[in-house]
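Coordinates in review
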Amino acid sequence: MSESSQQLLRQLPAIDRLLGLAAVASHPAPHVLKRGAAQQLVADLRRQLLTAAAGALPTDNELADRLLRLIDQRCRPSLRRVLNASGTLLHTNLGRAPLSAQALQAITEVAKGYSNLELDLTSGTRGHRYSHIDQLLCQLTGAEAAAVVNNNAGAVLLALTALAQGREALVSRGELVEIGGAFRIPDVMEAGGVRLREVGTTNKTHLRDYQSAIGEHTGLLLKVHTSNYRIVGFSQSVEATELVGLGRQHGIPVMEDLGSGMLLDLSPFGLPREPTVQEAVAAGIDVLTFSGDKLLGGPQAGLIVGKRWAIDKIRHHPLARALRIDKLTLAALEATLFAYLDREQALHDIPVLRMLNLPAEQLRQRSQRFLRRLRRSLPADQARLQLVEACACVGGGALPLTELPGCALALQPLQQSAAELARRLRDGTPAVVGRLQDAAVLLNLRCIAVDEETALLQALCQALQSATVANAFAPTDVS
Ligand SMILES: *Cc1c(COP(=O)(O)O)cnc(C)c1O
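The shown structure was predicted, so the numbers you read here are calculated from the model rather than taken from an experiment.

What counts as what
Residues numbered from 1 in each chain as written. Predicted model: local features only at pLDDT ≥ 70, side-chain atom pairs only at ≥ 80, totals over all residues. Heavy atoms only, no water. Pairing = 2+ DSSP bridges. Helix = DSSP H or I, 4+ residues; strand = E, 2+ residues; numbered from the N terminus. Near = heavy atom within 4 Å. Polar contact = N/O pair within 3.5 Å; in protein donor to acceptor, adjacent residues only side chain to side chain. Areas by Shrake-Rupley, 256 points an atom, 1.4 Å probe, with all protein chains shown as cover. Domains from an automatic or database assignment. Buried < 20%, exposed > 50% of the residue type's maximum accessible area, 1.4 Å probe, protein only. Core = buried A, V, L, I, M, F, W, Y, C linked by side-chain atoms within 4.5 Å. Contact = heavy atoms within 4.5 Å. 1 Å grid on protein atoms, 1.4 Å probe; cavity = no way out; pocket = protein on both sides within 12 Å on 5 of 7 lines; lining within 4 Å. Points joined across faces, edges and corners; volume = space filled by probe spheres on them. Nonpolar A, V, L, I, M, F, W, Y, C, P; charged D, E, K, R; others polar.

Turning our eyes to something else, we now look at the sheet that holds strand S14 (residues 403-404). Pairing in this open sheet of three strands is mixed, and the strands run S2-S13-S14 from one edge to the other. Lying at the two open borders of the sheet, with one neighbouring strand each, are strand S2 (88-90) and S14. Bridge count for strand S13 (residues 392-395) against S14 is two bridges, and the pairing is antiparallel. Directly across from alanine 392, in S14, lies its bridge partner leucine 404.

So, about the site of the ligand. Near the ligand you find Arg96, Asn151, Asn152, Ala153, Ile179, Phe183, His225, Ser227, Asp257, Gly259, Ser291 and Lys294, and these make up its full shell. The side chain of asparagine 151 places a nitrogen or oxygen atom 3.5 Å from an oxygen atom of the ligand. Side-chain polar atom of serine 291 to an oxygen atom of the ligand: 2.6 Å apart, as the coordinates give it. Contact with the protein chains removes 94% of the 380 Å² of surface that the ligand exposes when unbound. Secondary structure elements with two or more residues in the shell around the ligand: helix H8 (152-164) and strand S9 (254-259).

Let's shift gears to the domain arrangement of the chain. When the domains of the chain are assigned, the result is domain 1 (3-75), domain 2 (82-92 + 357-469) and domain 3 (101-349). The centre of domain 1, based on its C-alpha atoms, is set 35 Å off from the matching centre of domain 2.

Among the seven residues that make up strand S8 (residues 218-224), seven are buried, leaving the element largely enclosed by the rest of the structure. Relative to S8, strand S4 (residues 168-172) is paired through four bridges, and the arrangement is parallel. Bridging from a neighbouring strand, glutamate 168 pairs with threonine 218 of S8. The sheet contact formed by S8 and S9 spans four bridges and is parallel. Within S9, the residue paired with valine 224 across the bridge is aspartate 257.

Once that is clear, we can look at the nonpolar core. Formed by 93 residues in total, the largest nonpolar core has its most connected members in Leu337 and Leu353. Here this core takes eight residues from H8, the largest share from any one element. Counting contributing residues, this core receives three or more from each of domain 2 (82-92 + 357-469) and domain 3 (101-349). Leave out the neighbours within four places in its chain, and leucine 337 touches Ile133, Leu136, Leu137, Leu140, Leu263, Leu296 and Leu303. Listed in part, the 30 residues of the second largest apolar core include Phe370, Leu374, Leu443 and Ala463.

With that settled, consider empty space enclosed by the protein. Scanning all chains against the criterion turns up two cavities of 30 Å³ or more. Together, His225, Leu258, Ser260, Gly261, Met262, Glu274 and Pro275 line the largest cavity. Here the lining of the largest cavity is built from residues that sort into three nonpolar, three polar and one charged. Size it by volume and the second largest cavity reaches roughly 40 Å³. What lines the second largest cavity is simply Met262, Leu264, Asp265, Leu266, Leu271, Pro272, Glu274 and Leu399. Taken together, the residues that form the lining of the second largest cavity break down as six nonpolar, no polar and two charged.

Dropping the structure here:
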């Protein structure tokens, strides 16, 4: 280290001096937060002095500016809003489905006061939290009974444990799904104390494969929807109705993990035909589980519908208490399910369904309008802007092969790299997540609500124009 650097190091400002700078002292943030930011600034300065050949310490004004930025960063909530311009409708890293206006209102209404979460208002006696969605779910799906827990992984664990603990469950080798993270069917079964008995092969499983594997220890026939992959070509799996027939014959219950679970047939919109929950119920499956926040478009939840005897067993299992759903989620879920009583209402109210069904031409017109606004707001030397063909996808482990045709804005920054721009967009308020492609950041408006466009425009202008952002804050990439 050079002598001049050593000298500079000795001149690093003391924490108390930084905290005493007028603009810092008058900032309303809690003292402990400001102190932490000041310590970070000193550490940053030290590192910069050690790595730079030579340099000068910033002036007091510069120090105050940098410190205020750090303080503001620390004042922002850690969990905050993101404008999803990635073109992936359901992304677990981005919190999956945005909620409908009705669901948001239901949350506010229930959150700000007390509720009848577990009180029967008619009799004044103890009620049950399942009662709020029980009838709706039965009406929508045709099932005899319903329950709901924290998420679908929990629903699968609970149902497996309640129905088959200590026994064997038969699963096709083509359906041993990994959902990402730690959710793998074989592991969940092990956690539930259920022995996995694999049947068939990866590409083909026949009814006779299940049949010949049934023995005295068999407690369950399990079907798992291959939500996030497809086995195509020379392949075969056993239909729900056939499996139900086999289960009946041997007195063995049949369960299906539907993954995303759809209540509407979306094939009229050119989307692939997926089995709906209603069809699975009609096939006679004893227990079905699916997610609340995938294609259903509601809050994170694990929905369980099926035969009364099986649902009773599940509701009364001790694990149900550990996995129980909270009142805010329940409020949002009830409002979301309510919209499904009318197909048109659901397509209109539920954001995920709206995004899914947005015609490419409408998306193009919106994107063109937005592009014109952006051109007007931005000096021409900042970026090259154009509209390019780009597909969106569903994500969240649903409709894995489906591409939603459309377009995206390609922003090619001229004063910084595309990666740098993407980082600044993520660091903005609100944060913006796009997709990097070559030298451009692609922004797909399919998942941007119309009333988010102005915020997006401002965030883009800010990220393109801000010369330097001190103290890079780089959250993990979302691919
Ligand atoms: C997504 C998925 C799950 C997990 O659901 P979560 O709601 O994320 O807990 C389980 N099984 C299948 C088949 C899935 O697609």
